[in-house]
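Residues per chain are reported as follows:
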Amino acid sequence: MQILLIILALALVVAIIWAIVSYNGLVQRRNRVENAWSQIDVQLKRRLDLIPNLVETVKGYAAHERGVFDEVTRARTALQQASTPAAAGEANDVLTAALGRLFAVAEAYPELRASENFFRLQDELTDTEDKISAARRYYNSTVMHYNTGIQSLPWMLVARPLGFREKEFFSAEGDTATPQVSFTPAT
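The model shown is predicted, which means the values in this text are computed figures rather than measured ones. Along each chain, numbering runs from 1 in the same order as the chain's sequence is written. Only residues with pLDDT of at least 70 are given local features in this predicted model, and only at 80 or more are side-chain atom pairs given and counted; all residues enter the totals for whole chains, interfaces and linings. Only hydrogens and water are set aside; all other atoms, that is, all heavy atoms of the structure, feed into the side-chain values.

**Concerning the overall build of the protein chain**
No. 1: If you tally the helices and strands in the protein chain, you get seven helices and zero strands.
No. 2: Secondary structure elements in the protein chain, listed N-terminal to C-terminal, are α-α-α-α-α-α-α.
No. 3: With the principal axes as the frame, the protein chain shows a C-alpha extent of 90 × 30 × 25 Å.
No. 4: Looking at the protein chain as a whole, 37% of its 187 residues qualify as buried. Per the convention used, a helix needs a DSSP run of H or I reaching at least four residues, while a strand needs a run of E reaching at least two, with both numbered from the N terminus. Remark: exposure states derive from per-residue accessible area (1.4 Å probe, protein chains only) relative to the maximum for the residue type, with buried under 20%, exposed over 50%, and partly exposed in between.

**Some details on a nonpolar patch on the surface**
No. 1: Together, Trp18, Leu153, Trp155, Met156 and Leu157 line one region of the surface with nonpolar side chains, adding up to about 490 Å² of accessible area.
No. 2: Relative to the elements of secondary structure, leucine 153 occurs in the loop between helix H5 (116–151) and helix H6 (156–159). Think of a patch as exposed residues, more than 30% relative accessible area, with no salt bridge, where like charges cluster within 9 Å and nonpolar side chains (Val, Leu, Ile, Met, Phe, Trp, Tyr) cluster within 5 Å. What sets the accessible areas is the Shrake-Rupley method with a 1.4 Å probe; for residues, cover comes only from the shown protein chains. The working definition used for a salt bridge is a side-chain nitrogen of Lys or Arg within 4 Å of a carboxyl oxygen of Asp or Glu.

**A look at the pattern of salt bridges**
No. 1: Under the counting rule described, the total for this entry stands at eight salt bridges.
No. 2: The partner of lysine 45 in a salt bridge is aspartate 41, and the shortest N-O contact between them spans 2.6 Å. Separated by four residues within a single helix, lysine 45 and aspartate 41 lie in helix H1 (residues 2–61), roughly one turn from each other.
No. 3: On the basis of relative accessible area, aspartate 41 is assigned to the partly exposed category, the value being 27%.
No. 4: Across the salt bridge formed by arginine 101 and glutamate 71, the nearest N and O atoms sit 2.2 Å from each other. Taken together, the positions of arginine 101 in helix H3 (residues 85–107) and glutamate 71 in helix H2 (residues 66–81) put the pair 30 residues apart, joining distant regions of the chain. Take arginine 101 and glutamate 71: they sit in the same class, and that class is buried.
No. 5: Through salt bridges with shared partners, a single network forms among Arg46, Asp127 and Lys131.

**Digging into the side chain of arginine 76**
No. 1: Assignment of secondary structure puts arginine 76 in helix H2.
No. 2: Counting rule applied: Lys, Arg positive; Asp, Glu negative; His and chain ends not counted. Nearest to the buried, unbridged arginine 76 among oppositely charged side chains is aspartate 49, at 4.4 Å.
No. 3: Contacts were defined at the residue level, with two residues in contact if any of their heavy atoms lie within 4.5 Å. Other than its neighbours up to four places away in sequence, arginine 76 contacts Leu48, Asp49, Ile51, Pro52 and Leu95.

**Comments concerning the confidence of the model for the protein chain**
No. 1: Confidence along the protein chain averages 85 in pLDDT terms, with 91% of residues attaining 70 or more.
No. 2: Note on scores: pLDDT gives the predictor's confidence for each residue, bounded by 0 and 100. Long-range and interchain partners of residues 174–187, a stretch whose pLDDT sits below 50, account for 21 contacts in this model, where long-range means more than four residues apart.

**Some thoughts on the packing of H1 against H5**
No. 1: Axes here refer to lines fitted to C-alpha atoms; in helices the fit is confined to the stretch in contact. Angles between the N-to-C directions go from 0 to 180 degrees. The interhelical angle for the contact between H1 and H5, taken along N-to-C directions, is 160 degrees, at an axis separation of 8 Å. It follows that H1 is roughly antiparallel to H5 by the angle criterion. H1 and H5 meet at a crossing whose hand is left-handed.
No. 2: All residues other than Ala, Val, Leu, Ile, Met, Phe, Trp, Tyr, Cys, Pro, Asp, Glu, Lys and Arg, Gly among them, are scored as polar; the first ten of these are nonpolar and the last four charged. Taken together, the residues of the contact of H1 with H5 break down into 19 nonpolar, eleven polar and ten charged. If an angle is under 35 degrees, it is roughly parallel; if it is over 145, roughly antiparallel; if it lies from 65 to 115, roughly perpendicular; otherwise it is oblique. Handedness of a crossing follows from how the near helix is turned relative to the far one, being left-handed for an anticlockwise turn of less than a right angle and right-handed for a clockwise one.

**Examining the packing of H1 against H3**
No. 1: The interhelical angle for the contact between H1 and H3, taken along N-to-C directions, is 25 degrees, at an axis separation of 12 Å. Here H3 runs roughly parallel to H1, going by the angle between their axes. Crossing angle aside, the handedness with which H1 passes H3 is left-handed. For the pair H1 and H3, contact is made by Trp37, Leu44, Arg47, Leu48, Ile51, Leu54, Val55 and Val58 and by Pro85, Ala88, Asn92, Leu95, Thr96, Leu99, Leu102, Phe103 and Val105, respectively.
No. 2: Grouping the constituent residues of the contact of H1 with H3 by class yields 14 nonpolar, two polar and one charged.

**What to know about unusual backbone geometry**
No. 1: The step from leucine 153 to proline 154 runs through a cis peptide bond, and the omega angle for that step is 5 degrees.
No. 2: Structurally, proline 154 is set in the loop between H5 and H6.

**As for the packing of aromatic side chains**
No. 1: Classification of ring pairs rests on two measures: the distance between centres of Phe, Tyr or Trp rings, Trp counted by its six-membered ring, which must be within 6.5 Å, and the angle between planes, read as stacked under 30 degrees, edge-to-face over 60 and tilted in between. Taken as a whole and judged by the stated rule, the model has four aromatic pairs.
No. 2: Measuring from ring centre to ring centre gives 5.7 Å for tyrosine 23 and phenylalanine 164, while their planes differ by 70 degrees; the resulting arrangement is edge-to-face. Residue tyrosine 23 is located in helix H1, and its partner phenylalanine 164 is located in the loop between H6 and helix H7 (173–176); the two are separated by 141 residues in the primary sequence.
No. 3: Under the relative-accessibility criterion, tyrosine 23 is labelled partly exposed at 33%.
No. 4: On the basis of relative accessible area, phenylalanine 164 is assigned to the buried category, the value being 1%.
No. 5: Counting every residue linked through ring pairs, the aromatic cluster contains Trp37, Tyr139 and Phe170.
No. 6: Throughout this description, the term charge over a ring refers to an Arg CZ or Lys NZ atom that lies within 6 Å of the ring centre and within 35 degrees of the ring normal. Note that arginine 29 overlies the ring of tryptophan 155, its terminal NZ or CZ placed 5.1 Å from the centroid.

As structure tokens, this is what we get:
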């Protein structure tokens, strides 16, 4: 009888240790996902800060392209207000398309393309786009690792009861699709 109690006590201790280790591992994975999202958020904010300067620079040369400027402004506002990775991904796609149209407008003005300010802003925006893509790849990788952990045995035995839920991926549709250029004002 004592041996059975000792075996049960050892099994209980091992189960508690396993639960603690599993919980800590899942917390680390969740924190990596949150850190990865914050890296995307930083780059998106940097991008949002560059856009007004870029729009103002282009406005000086192409004042009659009001519809394009309004579209970029609306898309920028939508991205600022996005509260989830899915919403941010969708808003990012719209902003990427709007910026494509803005750059198409800029192509029509050779003096604008030669402007040092426009060239610098365009380079900074390109650099930021590259950083967003890299941050998105890292984020999606950590989300996959986290989601796999909480969906797999034996961790799911700890994850679900302790409130670990799946995280959303950040869509890359705007970076893979060619922006459609149209000079008609958006409705």
